[in-house]
Amino acid sequence: MIQVAFFDTKTYDRPAFEKYGEKADVKFRFLETKLTEDTVELARGCDAVCVFVNDTVSAPVIGRLHEMGVRLIALRCAGYNNVDVRAAFGKIHVVHVPAYSPYAVAEHAAALLLTSVRRIHKAYNRTREFNFSLHGLTGFDLHGKTVGVIGSGKIGRIFMDICRGFGMNVIAYDPFPVEDSGIRYVSLEELFRESDIISLHCPLTEETHHLIDENAIHQMKKGVVILNTSRGALIDAEALLEGIKARKVGAACLDVYEEEADVFFEDRSGHILNDDLLARLISMPNVIVTSHQGFLTEEALDSIAETTVGNILACFGGDGLCSNELCYRCGKIEQCRRERKEKCF
Ligand code: NAI
């Protein structure tokens, strides 16, 4: 029986993980707390930890896990910016779920976009109070507008298809363009200049940290709609707020936020929100915030659990090879994984 400490458990996680765990002799210890330096001891006696986007898998945490004999960090998400993969190399193997339902996130981005440009969030609240006035609800057609997609991976490409369905003109920026895809790639500057709507679908890396900052916003069209369903720190939230206050940014739809770790996924309705920046953003009539729910569909949850349990079994069984391992050996995590035919260490 493989024992796994499952951090940051939410009610929606358990059914699928219990289902696939039982089938495979993987026993999950479901913990509500996030993994941090203070909670790492809770993994004692386990073979692996299973973590999500806001768990802290820093070098000190990895060091403690290693000392305790934990041999695997199984991310139940695609992004791994919260894991010090370099520190894990040689100590603990790291696996992730590279794809579960890219449709879930792309469709959520589309839902946010439609909600924002047709003011559905306003209309919903109004009609619930029998206010049937249309004042202030004027939107704009998506048809014929230019959408700039940053990151043309799995999610970005599905989002582009959805936008094409609306008759939008799609342009994209990606340092690794997909060959023969028919995608019209442009420079980042051109994308900022030409886009009526900008949607972020790239990973958070040192290079993409605050990709959308004051300078980027300065280059954008007046009234631009910015969508972020990727990672919060892609946007400098203070610069975004200034852009909104200056009437430069027409709307922002955020499923992620740089400082979300202390706030998102919890019911804070009875509390005073300490994050003034988030409170100010939420107070804006043209900002929609969802709390990192892009992944949250039945199909995605099932697929995440199935792949995670498969990753755990692959790492602890046979030759220990797992195609979803994130290896730091060559420094190019994605390429390394694809080309590697043997264990990293
Ligand atoms: P992917 O790996 O298929 O695609 C990422 C793309 O970004 C690749 O084409 C890559 O070349 C490109 N890229 C890398 N560096 C870039 C840069 N500097 N500028 C522009 N593009 C760059 O990943 P996928 O599955 O499409 O996911 C994208 C992101 O979505 C993830 O990194 C994750 O942060 C986020 N995500 C959010 C979820 C949510 O619930 N809101 C759920 C799942 C993923």
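Residues numbered from 1 in each chain as written. Predicted model: local features only at pLDDT ≥ 70, side-chain atom pairs only at ≥ 80, totals over all residues. Heavy atoms only, no water.

(A) Examining the site of the ligand more closely. The local shell around the ligand holds 24 residues, among which Y100, K154, I155, D174 and T229 are the closest. Interatomic distance of 2.8 Å between a side-chain N/O atom of K154 and an oxygen atom of the ligand. Protein contact buries 87% of the 860 Å² of open area that the ligand shows by itself. Split into classes, the residues belonging to the shell around the ligand amount to 10 nonpolar, nine polar and five charged. (Near = heavy atom within 4 Å. Polar contact = N/O pair within 3.5 Å; in protein donor to acceptor, adjacent residues only side chain to side chain. Areas by Shrake-Rupley, 256 points an atom, 1.4 Å probe, with all protein chains shown as cover. Nonpolar A, V, L, I, M, F, W, Y, C, P; charged D, E, K, R; others polar.)

(B) Quick look at the pairing of strand 1 (residues 2–6). Where burial is concerned, most of strand 1 is hidden: four out of the five residues are buried. Summarising the sheet, strand 1 and strand 2 (residues 26–30) pair through five bridges and their orientation is parallel. Directly across from F6, in strand 2, lies its bridge partner F30. A crossover connection joins strand 1 to the parallel strand 2 through helix 1 (residues 14–24); in handedness this β-α-β unit is right-handed. Taken together, the three bridges between strand 1 and strand 3 (residues 48–51) define a ladder with parallel strand orientation. Bridging from a neighbouring strand, F6 pairs with C50 of strand 3. (Buried < 20%, exposed > 50% of the residue type's maximum accessible area, 1.4 Å probe, protein only. Helix = DSSP H or I, 4+ residues; strand = E, 2+ residues; numbered from the N terminus. Pairing = 2+ DSSP bridges. Right-handed = clockwise from strand over helix to strand, strands pointing away.)

(C) Here's a closer look at the sheet that holds strand 5 (residues 93–95). Across the sheet, five strands lie side by side as 2-1-3-4-5; this open sheet has parallel pairing. With one partner strand each, in any of the chains shown, strand 2 and strand 5 form the two edges of the open sheet. Pairs of neighbouring strands in the sheet enclose a mean axial angle of 25°, with direction left out of account. Running over the sheet, helix 1 touches strand 1, strand 2 and strand 3 and is turned about 150° from strand 2. (Axes fitted to C-alpha atoms, helices over the stretch in contact; angles between N-to-C directions. Contact = heavy atoms within 4.5 Å.)

(D) Highlighting the domain arrangement of the protein chain. Domain boundaries assigned for the protein chain yield domain 1 (2–100 + 297–338) and domain 2 (102–289). The distance between the C-alpha centroids of domain 1 and domain 2 comes to 29 Å. Taken together, the contact between domain 1 and domain 2 spans 14 residues of the former and nine residues of the latter. Between domain 1 and domain 2, roughly 990 Å² of surface is buried when both sides are summed, and carbon and sulfur atoms account for 55% of that area. On the surface where domain 1 and domain 2 come into contact, there are two salt bridges. Here K10 ties to E266 by a salt bridge, and the two come within 3.3 Å at their closest N and O atoms. Inspection of the region where domain 1 meets domain 2 yields three residue pairs in polar contact (both at pLDDT 80 or more). Residues that form the side of domain 1 that touches domain 2 fall into these classes: seven nonpolar, four polar and three charged. (Domains from an automatic or database assignment. Buried area = accessible area lost by both parts, 1.4 Å probe. Salt bridge = Lys/Arg side-chain N within 4 Å of Asp/Glu carboxyl O.)

(E) How the structure looks around the side chain of N311. Relative to the elements of secondary structure, N311 occurs in helix 11 (residues 298–316). Residue class for N311 comes out buried when judged on its relative accessible area of 3%. Ignoring any residue separated from it by four or fewer positions in sequence, one finds N311 in contact with V95, H96, V97, C322 and N324.

(F) Just the pattern of salt bridges, in detail. Summed over the entire model, instances satisfying the criterion amount to 14 salt bridges. Between R64 and E41 there is a salt bridge; the shortest N-O distance is 2.4 Å. Residue R64 is found in helix 2 (residues 59–67), and its partner E41 is found in the loop between strand 2 and strand 3; the two are separated by 23 residues along the sequence. Under the relative-accessibility criterion, E41 is labelled partly exposed at 37%. The partner of R71 in a salt bridge is D47, with the nearest N and O atoms 3.5 Å apart. Taken as a pair, R71 in the loop between helix 2 and strand 4 (72–75) and D47 in the loop between strand 2 and strand 3 lie far apart in primary sequence, 24 residues in all.

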